[in-house]
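# Coordinates in review
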Amino acid sequence: FYNLVLLDAVRADIYSEKKLNYHYYMALKKAVYKPAAFFKGILLPLCKEKGTLREAAIVASVLQKVSIPVQHSAVAIHKLAQLEYSGATSIFITTLLNKKYSLPGP
């Protein structure tokens with residue numbers, strides 16, 4: 001659902017309006033409550049498809065406001081670091097690292 005419906009709707013709304021509708025923003029916020037699905041369905045596909053910096057900044061603001069378990073954040077940082085560098089990837093890594101989690105060792 002996240003990848004096929006929510007991500008496409010969010011990207012289309014940002015493209016047409018240059019900002020995100022409040023209801024889509026709240027839907028993204030609710031989606032973070034299932035962090036594994038959020039990372040697999042929204043965050044990683046957005047980075048792989050070379051999302052714009054505006055899209056990345058808006059989704060990153062959702063990540064800043066919601067608490068995410070440490071293990072999920074660690075896995076997401078690891079997966080993002082393995083992707084090819086882009087501005088969106090950099091924004092997400094920065095946002096997750098700024099949460100100042102005590103990350104687990106390898």
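It should be emphasised that the depicted structure is a prediction, and the values quoted were computed from it without experimental measurement. (Residues numbered from 1 in each chain as written. Predicted model: local features only at pLDDT ≥ 70, side-chain atom pairs only at ≥ 80, totals over all residues. Heavy atoms only, no water.)

## Description of the overall build of the protein
Scanning the protein from N- to C-terminus turns up 6 helices and 0 strands. Written out in order from the N terminus, the α and β elements of the protein read α-α-α-α-α-α. The C-alpha radius of gyration computed for the protein amounts to 13 Å, which stays within 12% of the reference 13 Å derived for 106 residues, consistent with globular compactness. When its C-alpha atoms are laid out on the principal axes, the protein stretches across 40 × 25 × 20 Å. By residue count, 42% of the 106 residues in the protein fall in the buried class. (Helix = DSSP H or I, 4+ residues; strand = E, 2+ residues; numbered from the N terminus. Rg over C-alpha atoms; globule rule 2.2 N^0.38 Å. Buried < 20%, exposed > 50% of the residue type's maximum accessible area, 1.4 Å probe, protein only.)

## Examining helix α4 (residues 53–65)
Since one α-helical turn is 3.6 residues long, residues separated by three or four positions face the same way. For α4, spanning 13 residues, the distance from its first C-alpha to its last is 18 Å, which sits close to the expected 18 Å at 1.5 Å a residue. Within α4 the residues assigned to the buried category are Glu 55, Ala 56, Ile 58, Val 59, Ala 60, Ser 61, Val 62 and Leu 63. Lining the buried residues of α4 we find α1 (2–17), α2 (22–31), α3 (35–48) and α6 (87–97). (Expected span 1.5 Å × (residues − 1). Contact = heavy atoms within 4.5 Å.)

## A short note on the environment of Tyr 2
Topologically, Tyr 2 is positioned in helix α1. According to the relative accessible area criterion, Tyr 2 is buried, its value standing at 18%. In this structure, the C-alpha to C-alpha distance between Tyr 2 and Leu 103, residues 101 residues apart in sequence, is 26 Å. Setting aside residues no more than four positions away along its own chain, Tyr 2 makes contact with Leu 7, Ala 31, Lys 34, Ala 37, Phe 38, Gly 41 and Ile 42.

## Some remarks on the nonpolar core
Counting residues in each nonpolar core, the largest one holds 31 residues, and the members touching the most others are Leu 28, Phe 38, Ile 42, Val 59, Leu 63 and Phe 92. Broken down by secondary-structure element, the contributors of at least two residues to this core are α1, α2, α3, α4, α5 (70–82) and α6. With 7 residues, the top contributor of residues to this core is α3. The contact partners of Phe 38, leaving out residues within four places of it in the chain, are Tyr 2, Leu 28, Ala 31, Val 32, Leu 43, Val 59 and Leu 63. (Core = buried A, V, L, I, M, F, W, Y, C linked by side-chain atoms within 4.5 Å.)

## Observations regarding the confidence of the model for the protein
Looking at the protein as a whole, the pLDDT averages 88, with 99% of positions reaching at least 70. The lowest-confidence element of the protein is α1, averaging 87 in pLDDT; the highest-confidence one is α2, averaging 92. (pLDDT = per-residue confidence, 0-100.)

## Examining the packing of aromatic side chains
A complete count under the given rule lists 2 aromatic pairs for this structure. Both rings, one in Phe 38 and one in Phe 39, keep their centres 5.9 Å apart while their planes meet at 65°; by these two values the pair is edge-to-face. One exposure class covers both Phe 38 and Phe 39, and it is buried. A cation over a ring is seen here: Lys 18 above Tyr 15, with NZ or CZ 5.5 Å from the ring centre. (Phe/Tyr/Trp six-rings, centres within 6.5 Å; stacked < 30°, edge-to-face > 60°. Lys NZ or Arg CZ within 6 Å of the ring centre and 35° of its normal.)

## Structural notes on unusual backbone geometry
Unlike most non-glycine residues, Lys 18 shows phi in positive territory, near 65°. Here Lys 18 lies in the loop between α1 and α2. Positive phi, normally seen in glycine, also occurs at Lys 50, with a value near 55°. Residue classification places Lys 50 among the partly exposed positions, given a relative accessible area of 43%.

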